[in-house]
Amino acid sequence: MHVTSPVRTPLVTGGKTYADVTEDICKQVEGKPTKEWKVAFVISLAVLAYGTVCLFWTWWEGLGVWGLNKTVGWAWDITNFVWWVGIGHAGTLISAILLLFRQKWRTSINRAAEAMTIFAVLCAASFILMHMGRPWLAYWALPLPNTFGSLWVNFNSPLVWDVFAISTYFSVSCLFWYVGLVPDLATIRDRAQNKVSKYIYGVLSLGWNGSARTWSRYEYISLILAGLSTPLVLSVHTIVSMDFATSVIPGWHTTIFPPYFVAGAIFSGFAMVQNLMLVTRVVYKLEDYITFEHIESMNKIITLTGSIVGVAYLTEFFIAWYSGVEYESYAFYNRMAGPYWWAYWAMMTCNVISPQLFWSRKIRRSVKWTFFISVIVNIGMWFERFVIIVTSLHRDYIPSSWAMFSPTMFDIGDYIFSFGFFFTCFFLFSKYLPVINMAEVKGVIKSTSEKLPLKVSGVSKAERLASPAYKKDAE
Amino acid sequence: MAEINKKFLVGVYDDEDIALAAVNKIKSAGVKIYEVYSPFAIHGMDTAIGHPRSRIGIAAFCFGVVGFLCALTLTTWTMGIDWPMVIGGKDPLSYPNYVPAMFELTVLFTAFGMTFTFFISNGLGPTVKPLLFDPRCTDNKFIMAIDLSKNKLSETEIESLIKASGAEEVSVKQL
């Protein structure tokens, strides 16, 4: 039995009953695809097709088709990788860390956020494969017995750590997501009208029947999975940051990178969740499930992590000056006032200034503003990675080899590929799987549903309806 | 898991608080409850029915230990024994650098081992036909099943107990 304070704002509005929750979520899965969905899906397929052609050509011709040069040998490929991995952090944060903190508002958004995580990590992994140049040799990154004199991968290298971190993160996220899906798939199975969907959802739901014994174990493993995923999600971006931090390039060689990257990852991930959820919410009419409370809570996290990122930027500058190292100081001076000043200031404006607008209650509860700022944040976070990577490289130790980077159509095309892939996957998910975790939402609506007649947690119905929190919601 | 030729009394409840109270009431009357099925987890339901505490955490810990030992063996063997290499002037076996890989493998083994233990211990699998006393238990109803062969009280006595505890419907189901 759960206890929710009667003065808390309801997590789900509209007085939903358990049957309403099932109906609202399942009808998206059971109905025929809508026209909007088809149009959106075809567009994302077209984008994916264009990207695939570019990617094919990248692999066919070799990495020379990118705009890399001798000085800037790592640019959009790694920028996009870090950007997508960062986005992939929000799902696990919502479902694992917020579970440990008993933040019940996570229940309405965790399913879609976890799906987003999985697709974003796949996009990130595609950039690893891309910039290997010879993706068919990708298995060289694994510690497999071989005939090259039994040479092994180098466990001292952060790039190998990355292989372990990303693959573990991806598989554990899939597991977490699937375990959470099983009860909902069983709900769809028991409602299915035609044989094909009954069979498919029957296989996927693994014979789930919701017995108390199963639920008790389910709760147990959810908690342990959350406990495992929390350090895991922090380790992933820590290791990604070490790809840079363990090198000796001025601008990369800083100990602040792990916490700074983790905060940045959560920042951009939440912004992407906002973008996806705000659209899904309207298209699927889920306003009662993803309420202004949810939007506001996520915006608060965006403001917090955005501020941490801002502090990190300033700290980096201070330390560059305070260290007295000429190269370090120049790298940062060059970021701010060098030829890439516009990328630096785009990053600063988008990441540090724009989320501060959320201090206004009106803005953080506004759908339009939230959507707009979330897009801005994602642009800013892309620029952050671009600034860190390209501006630290383009002016190296010998001024005669200073260079600029300009992307070719294949740099851009391969980036477009990841968008096509991401949205194709997300649209498929949103059509064929329940976008909201029905079982978990049913577990938290009790305190708020006006249709429920009884005394809940010692609070009578009349008392519940008269509470200021209930009225606030009705506004 | 399905039992054969057994008679069950099935009570349908509308609300988890009523169902939980009903379980306590029926149990105190000396009736053994077979199982309660619900669309979501009800805290305290497992202990109210009298299910023992799950030992899945122990399994998780064991898998974690196995994962850690595998990672320890892998890094020690590849880096220190099979082909030792001096990288950056450091000892070929420099364990602090292997912590990330060890950590990831520990998590990987724990997560997968525990989840598959979960599936197996609950008898869940792609070909499993669910034992459903009432299909509404995955939607909005709370279903209590009582195995008559395991109880001393008569069918009518238990039925009236279920009804008195606030059930909406009571039916008999033969499996």
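Residues numbered from 1 in each chain as written. Chains lettered and ligands numbered in written order. Predicted model: local features only at pLDDT ≥ 70, side-chain atom pairs only at ≥ 80, totals over all residues. Heavy atoms only, no water.

Enquirer: Please clarify how the packing of helix α9 (residues 257–283) of chain A against helix α14 (residues 367–393) of chain A should be interpreted in this entry.
Expert: A pair of packed helices is captured by two measures, namely the crossing angle of their axes and the spacing between those axes. Residue and element names in this part refer to chain A. Packing of α9 against α14 leaves a shortest axis separation of 9 Å and a crossing angle of 145 degrees. For the pair α9 and α14, the sense of crossing is left-handed. Taken together, the residues of the contact of α9 with α14 break down into 15 nonpolar, seven polar and three charged. (Axes fitted to C-alpha atoms, helices over the stretch in contact; angles between N-to-C directions. Helix = DSSP H or I, 4+ residues; strand = E, 2+ residues; numbered from the N terminus. Left-handed = near helix turned anticlockwise from the far one by under 90°. Nonpolar A, V, L, I, M, F, W, Y, C, P; charged D, E, K, R; others polar.)

Enquirer: Any chance you could explain the interface of chain B and chain A here in plain terms?
Expert: Frequently, the measure chosen for interface size is the accessible area removed from exposure when the parts meet. On the side of chain A, 59 residues touch chain B, which itself brings 65 residues to the contact. Here chain B meets chain A over a buried area of about 5600 Å², counting both sides, of which 67% is carbon and sulfur. When the area that chain B buries against chain A is broken down by residue, the three leading residues are Phe40(B), Glu104(B) and Thr138(B), summing to 11%. The salt bridge involving Glu35(B) is made with Arg213(A); its shortest N-O contact spans 4.0 Å. At the boundary of chain B with chain A, the tally comes to 22 residue pairs in polar contact (both at pLDDT 80 or more). Where the side of chain B that touches chain A is concerned, the elements lending two or more residues are α1 (16–28), β2 (35–37), α2 (45–49), α3 (56–82) and α4 (99–121) of chain B. At 15 residues, α4(B) tops the list of elements feeding residues into the side of chain B that touches chain A. Residues that form the side of chain B that touches chain A fall into these classes: 39 nonpolar, 16 polar and ten charged. (Contact = heavy atoms within 4.5 Å. Buried area = accessible area lost by both parts, 1.4 Å probe. Salt bridge = Lys/Arg side-chain N within 4 Å of Asp/Glu carboxyl O. Polar contact = N/O pair within 3.5 Å; in protein donor to acceptor, adjacent residues only side chain to side chain.)

Enquirer: Would you take a moment to explain the sheet that holds strand β4 (residues 169–174) of chain B for this structure?
Expert: Within a sheet, adjacent strands bond to each other through the backbone by hydrogen bonds, running parallel or antiparallel. Residue and element names in this part refer to chain B. Pairing within the open sheet is antiparallel, and its four strands lie in the order β2-β3-β1-β4. Two strands in the sheet have a free side with no partner beyond their single neighbour: β2 and β4. Put simply, the sheet's adjacent strands are angled 25 degrees from each other on average, direction ignored. Packed onto the sheet, α1 meets β1 (7–13), β2 and β3 (142–147) and runs at close to 20 degrees relative to β3. (Pairing = 2+ DSSP bridges.)

Enquirer: Help me understand the pattern of salt bridges, please; the structure alone is not making it clear to me.
Expert: For side chains of opposite charge, pairing can occur when their charged atoms come near one another. Residues and elements named next belong to chain A. Taken as a whole, this structure holds 22 salt bridges over all chains when the rule is applied. A salt bridge links Arg-106 to Glu-440, with the nearest nitrogen and oxygen atoms 3.6 Å apart. Taken as a pair, Arg-106 in the loop between α4 (90–100) and α5 (110–132) and Glu-440 in helix α16 (residues 438–444) lie far apart in primary sequence, 334 residues in all. Looking at Arg-106, the relative accessible area reads 10%, which means it is buried. Given a relative accessible area of 18%, Glu-440 falls into the buried group. A salt bridge links Glu-293 to Arg-365; the shortest N-O distance between them is 3.1 Å. Taken together, the residues span a long stretch of sequence, with Glu-293 in helix α10 (residues 292–323) and Arg-365 in the loop between α13 (361–364) and α14 at a distance of 72 residues. (Buried < 20%, exposed > 50% of the residue type's maximum accessible area, 1.4 Å probe, protein only.)

Enquirer: How should I be thinking about the UniProt feature "transmembrane region" (unreviewed entry) in chain B in this particular structure?
Expert: Residue and element names in this part refer to chain B. The UniProt feature table records "transmembrane region" (unreviewed entry) at residues 56–78 and 98–120. Taken end to end, residues 56–78 is 100% helix and 0% strand, and its two terminal C-alpha atoms sit 33 Å from one another. Taken end to end, residues 98–120 has its terminal C-alpha atoms 33 Å apart, with 96% of it in helix and 0% in strand. (UniProt positions renumbered as here; feature names shortened; annotations may be inferred.)

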